[in-house]
Amino acid sequence: MNPDLVRVRIAPSPTGLLHVGNARAALFNWLFARHHRGVFIVRIDDTDLARSTTEFEEDALDGLRWLGLEWDEGVGVGGPYGTYRQSDRIDRYRQVADDLIERGRAYACFCTPDELAAKREAAQREGRPPGYDGTCSTIASSAAAQRRDRGEPASTRFAVPRPGLTQFDDLVRGAVRFDHETIDDFVLLRSDGTPTYHLASTVDDVDYEISHVARGEDLLPSTPRHIMITEAMGAVPPNYAHLPLLFGPDGRKLSKRHGDVSLRHYRQTGYLPEAMFNAMALLGWSYAPEVTIFSREQAVEGFELSQVSKNPAVFDIDKLGWINGEYMRALPLDRFLDEARPFLVEQLGAETVRSGWDRFVGVAPLIQERVRLFSEVPSMAGFLFVETLAYDEDSWAKLMRGDQVVQVLDEARRRLDGLEHWEPEQIEAALRAMLEEIGIGARKGLQPLRVAITGSSVSPPLFESMAALGRDATFDRLAAARARLAAGD
């Protein structure tokens, strides 16, 4: 293996939906690998078999594919290291743990859960750190082996050298140091033989020859443990880069109080993958001052882990929506139509969408200019697909009151009835001439017509909407609105 080759990994745990923070970490790893013409690896950290599911694994992999983060080795694509699933490497982790015991770098711990809880409570009462006190480290290895052979349950703990110091240069945070007095003898293997995150992750990084580990800042306290295990295995630790945590606009750590934090939510809501890629790349990194919109190729060209900020990054939904809107407006019309159709079908039904599709195509460019998300398209365009219009009651209450509204509806029907050509320009000319003659401003005159035609005060341009709807449907809706007013509603 080329020692200068960049090899990075992302290791989702299939115990929940892919979090936007993990997706951002994957993106930064992918950018770093592509910038340095290295290898991007995807492995699955599924040692928690009780909580790991195929659904969550597929969610993570589908999310990475959706963002365009194709991987060079790993689950689904193969490589020289087996399946890239930790659940298939349990024997390897046990082998490493046994080897560390044999060389005096780890030991068997026979303390029961109740005993450990009592130790923690005693430490808290006495004002001491609640870490493990090393009771079992004094048991002779031969005695420990005999107790294990008799079937006595035991975990395996790493023997942290004390006094000692672990220090490293973090590519984001700079020089970092940990005094071993603050690190207890941590567990490598649980008493049931399953590995902890510390052991499995480190062994994988060593075996897969990972050169750089870029992960969230919340894992920084784990790093000295991983460096100690790596060195105890006789390997050279990778370079570390701890990425800033994601915060909400309120300055608090990103969580569900800020809205859904799964990448799936943004896929289902109608964000474009290229917009999400762009927005997430800005979470702790900047392509250039004052530049918000940039291409995937530009990001690859400019990205370096050493340029990532160590300050918390703000995940701003409003900014994400703005970025998505910019990408939406730049789409070719054919792609806009393809992306919008599933959202229309989901809300209106396939047959309804099929019957009204030509109407929608006629005003799609105008809708494309006005929406930020594909999930907004059905509410903006739904009036084109239905025969019986449902009114937005707030719009009706605000705009469909007063004698002038009745006059506008009646006069509009009369003026439009005489049009030879049913085109936006002719419709606009007729209605503006009407408003001028009866002395009503455009807002007071056209907004009631908008509600009558589309059901809402928010819609595509009125004249184009009427043209797309057709003469007969337009007259039917003007009549329906007039009848509702006559009924006193």
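Attention in this report is confined to the structure presented alongside it. Bear in mind that the values here come from a model prediction, so they are computed numbers and not experimental data. (Residues numbered from 1 in each chain as written. Predicted model: local features only at pLDDT ≥ 70, side-chain atom pairs only at ≥ 80, totals over all residues. Heavy atoms only, no water.)

**What to know about unusual backbone geometry**
If a residue is not glycine, its phi is most likely negative; likewise, a peptide bond is most likely trans.
Okay, step 1: Note the cis peptide between Arg-162 and Pro-163, where omega equals -5 degrees.
Okay, step 2: Positive phi is not limited to glycine here, since Tyr-84 has a value of about 65 degrees.
Okay, step 3: The phi angle at Glu-209 is positive, at roughly 55 degrees, despite the residue not being glycine.
Okay, step 4: Looking at the secondary structure, you find Glu-209 in the loop between α6 (197-207) and β9 (212-216).
Okay, step 5: Accessibility expressed as a relative area gives 37% for Glu-209, which makes it partly exposed. (Helix = DSSP H or I, 4+ residues; strand = E, 2+ residues; numbered from the N terminus. Buried < 20%, exposed > 50% of the residue type's maximum accessible area, 1.4 Å probe, protein only.)

**What to know about the packing of helix α17 (residues 424-438) against helix α19 (residues 462-469)**
Okay, step 1: Running from N to C, α17 and α19 cross one another at 125 degrees; their axes reach a closest spacing of 8 Å. When the axis of α17 is compared with that of α19, the two are oblique. Both α17 and α19 take part in a crossing whose hand is right-handed. Contacts between α17 and α19 pair Pro-424, Ile-427, Glu-428, Leu-431 and Arg-432 from the former with Phe-463, Glu-464, Met-466 and Ala-467 from the latter.
Okay, step 2: Class assignment for the residues of the contact of α17 with α19 results in six nonpolar, no polar and three charged. (Axes fitted to C-alpha atoms, helices over the stretch in contact; angles between N-to-C directions. Parallel < 35°, antiparallel > 145°, perpendicular 65-115°, else oblique. Left-handed = near helix turned anticlockwise from the far one by under 90°. Contact = heavy atoms within 4.5 Å. Nonpolar A, V, L, I, M, F, W, Y, C, P; charged D, E, K, R; others polar.)

**Re the sheet that holds strand β8 (residues 187-189)**
Okay, step 1: With antiparallel pairing, the three strands of this open sheet are ordered in space as β4-β5-β8. On the outer flanks of this sheet lie β4 (106-109) and β8, each paired with one strand and no other. On average, each strand axis in the sheet is inclined to that of its neighbour by 40 degrees, with strand direction left out of account.
Okay, step 2: Looking at chain direction, β4 and strand β5 (residues 155-158) are connected through four bridges and run antiparallel. Pairing of Ala-106 across the sheet is with Phe-158, part of β5. (Pairing = 2+ DSSP bridges.)

Such coordinate-based values are descriptive only and should not be taken to indicate function.
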